[in-house]
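Below are the chains, spelled out letter by letter.
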Amino acid sequence: MKEFHIAKNDSGQRLNKFLEKAVPRLPGGMMHKYCRLKRIKLNGKRAEPSCRLQEGDVLQLYINDEFFSVPDGAQAFRTIAQPRVSVLYEDENILLADKAPGMVVHTDDRGDTDTLIAHIQAHLYQSGAWDPDDELSFVPALCNRIDRGTGGIVIAAKTAEALRVLNDKIKNRELSKKYLCIVHGHPSPASGRMDGFLRKDEKLGLVTVHKTRVPGAKTAVTLYRTLAVRDGLALVECELITGRTHQIRAHMAAAGHPLLGDGKYGLNELNRKFGEKSQALYSYKLRFDFTTDSGGLAYLNGRAFTVRAVPFVQKYFPGYRIP
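Bear in mind that the values here come from a model prediction, so they are computed numbers and not experimental data.

J.: What should I look at first to understand the sheet that holds strand E1 (residues 2-5) in this one?
T.: Across a sheet, strands are paired by hydrogen bonds formed along the backbone, either parallel or antiparallel in direction. Here 4 strands make up an open sheet; going across it, the order is E1-E4-E2-E3 and the pairing antiparallel. For this open sheet the edge positions go to E1 and strand E3 (45-46), each flanked by a neighbour on one side alone. With 4 bridges connecting them, E1 and strand E4 (residues 58-61) associate as antiparallel partners. Bridge assignment links glutamate 3 to a residue of E4, and that residue is glutamine 60.

Here it is in structure tokens:
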């Protein structure tokens, strides 16, 4: 029998969600069966999978030890001696990391465990900000993600409350995210709005842009403005009104101005001229614009954060100061 005492970071969540993390190898069907058989008890009584845990609750699990083993990769942070995390901002609730292009945020289909979240967890563990031995199911987690080849701001939640609040704010579009990119050619007009419908081919991992709605497509809106032009290239700022997969890359390519270095949506013959093999795209500015209750994160409302530097800006537009 294993006994869990529910603390603040684990309160408020459904029992079945807690068990998915605390007992990672317990199948969902068996979890429901064990609840019916009272092999999973909450405060000494039969527990329903849908019930919400409260701080101070005692959960008793009469199940075999093998179900408690941790999946591969979940302990990757313990193997990192020197975390590679460029911390833009950190407080008791969140951490803003400036992700380097080339680093994957989560373990992907390649099985790469050298991930941003592993390095953030290692940083928090080594600094004493997080002790996994004091937690039952919560681990610091990312609230947003960006592609391997894209750099910029990624938000990590250090508490369960912060994770719930920020996931809700992102869903309700109460965060403003701006990107810098370099495109081939000079957009005309120099600033404007791109509307369309994006459909993703899951097998190819490729997004197509459509002027009218087609089955499986989602609305996509991107605002853009040209900041500088030089040598057949343009430095462009983009603001996501919607947050679709590859939205900026697909939108700019559809407009006839693919991103420099983008091998998926761009033109390799143009990219080879500059020797770039990854898209020149950077999530450089984040602003919290809460319009609804934000609980313990209310102090962040109205605050904006900007990265210190964007490598490709200095390379192709030397002397340009990031706005």
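Still more to cover.
J.: What should I look at first to understand a positive patch on the surface in this one?
T.: On the surface, a cluster of positive charge is contributed by Arg14, Lys17, Lys21, Arg52 and Arg164. Mapped onto the elements of the fold, arginine 164 is located in helix H4 (residues 160-171). On the basis of relative accessibility, which here comes to 40%, the residue arginine 164 falls in the partly exposed class.

J.: Please clarify how the environment of leucine 300 should be interpreted in this entry.
T.: Here leucine 300 is to be found in the loop between strand E14 (281-288) and strand E15 (304-306). Residues leucine 300 and phenylalanine 290, spaced 10 residues apart in sequence, show a C-alpha to C-alpha distance of 8.5 Å. Residues within four places of leucine 300 in sequence aside, it is in contact with Tyr89, Asp91, Ile94, Phe288 and Phe290.

J.: Help me out: how do you make sense of the nonpolar core in this one?
T.: The nonpolar side chains of a soluble globular protein tend to be buried with one another. With 37 residues, the main nonpolar core has Ile94, Leu96, Ile182, Phe288, Val310 and Phe312 as its most contacted residues. With 5 residues, the single largest contributor to this core is H4. Once you skip the residues sitting within four places of it in the chain, leucine 96 turns out to touch Ser86, Val87, Leu88, Tyr89, Ile153, Val154, Ile155, Leu286 and Phe305. Counting 31 residues, the second-largest nonpolar core is a separate cluster that includes Phe77, Ala118, Ala156 and Tyr224.

J.: Could you clarify how one ought to interpret unusual backbone geometry in this entry?
T.: What is expected of a backbone is that most residues other than glycine have negative phi and most peptide bonds are trans. Residue proline 189 follows serine 188 across a cis peptide bond; omega there is 5°. For asparagine 43, which is not glycine, the phi torsion reads 55° and is therefore positive. Checked against the element boundaries, asparagine 43 lands in the loop between strand E2 (40-42) and E3. Overall, the relative accessible area of 42% leaves asparagine 43 in the partly exposed class. Not every positive phi belongs to a glycine, and aspartate 231 is a case in point at roughly 55°. In this fold, aspartate 231 is placed in the loop between strand E12 (218-230) and strand E13 (233-240).

J.: Would you mind going over helix H3 (residues 116-127) with me for this structure?
T.: Residues separated by three or four positions in an α-helix point in the same direction, a consequence of the helix having 3.6 residues per turn. The terminal C-alpha atoms of H3, which comprises 12 residues, lie 16 Å apart, in line with the 16 Å expected from a rise of 1.5 Å per residue. For H3, every residue scored as buried is listed here: Leu116, Ile117, Ala118, His119, Ile120, Gln121, Ala122 and Leu124. Residues of H3 that are buried make contact with strand E5 (87-90), strand E6 (94-99), strand E7 (141-142) and strand E8 (151-157). Phi for glycine 128, located one or two positions after H3, is positive at around 85°.

J.: Looking at this structure, I do not really get the pairing of strand E9 (residues 175-184). What am I missing?
T.: It is a general feature of regular strands that their side chains alternate between the two faces of the sheet. Across the 10 residues of E9, 8 count as buried, placing the element largely inside the fold. Sheet topology note: the E9/E14 ladder contains 7 bridges and is antiparallel. What sits directly across from lysine 178, in E14, is lysine 285. Bridge analysis of E9 against E13 gives 7 bridges, and the strand direction is antiparallel. Residue pairing in the sheet places valine 183 in a bridge with alanine 234 of E13.

About the thresholds
Residues numbered from 1 in each chain as written. Predicted model: local features only at pLDDT ≥ 70, side-chain atom pairs only at ≥ 80, totals over all residues. Heavy atoms only, no water. Pairing = 2+ DSSP bridges. Helix = DSSP H or I, 4+ residues; strand = E, 2+ residues; numbered from the N terminus. Patch = residues over 30% accessible without salt bridge, like charges linked within 9 Å, V, L, I, M, F, W, Y side chains within 5 Å. Areas by Shrake-Rupley, 256 points an atom, 1.4 Å probe, with all protein chains shown as cover. Salt bridge = Lys/Arg side-chain N within 4 Å of Asp/Glu carboxyl O. Lys, Arg positive; Asp, Glu negative; His and termini not counted. Charge placed at Lys NZ, Arg CZ, Asp CG, Glu CD. Buried < 20%, exposed > 50% of the residue type's maximum accessible area, 1.4 Å probe, protein only. Contact = heavy atoms within 4.5 Å. Core = buried A, V, L, I, M, F, W, Y, C linked by side-chain atoms within 4.5 Å. Expected span 1.5 Å × (residues − 1).

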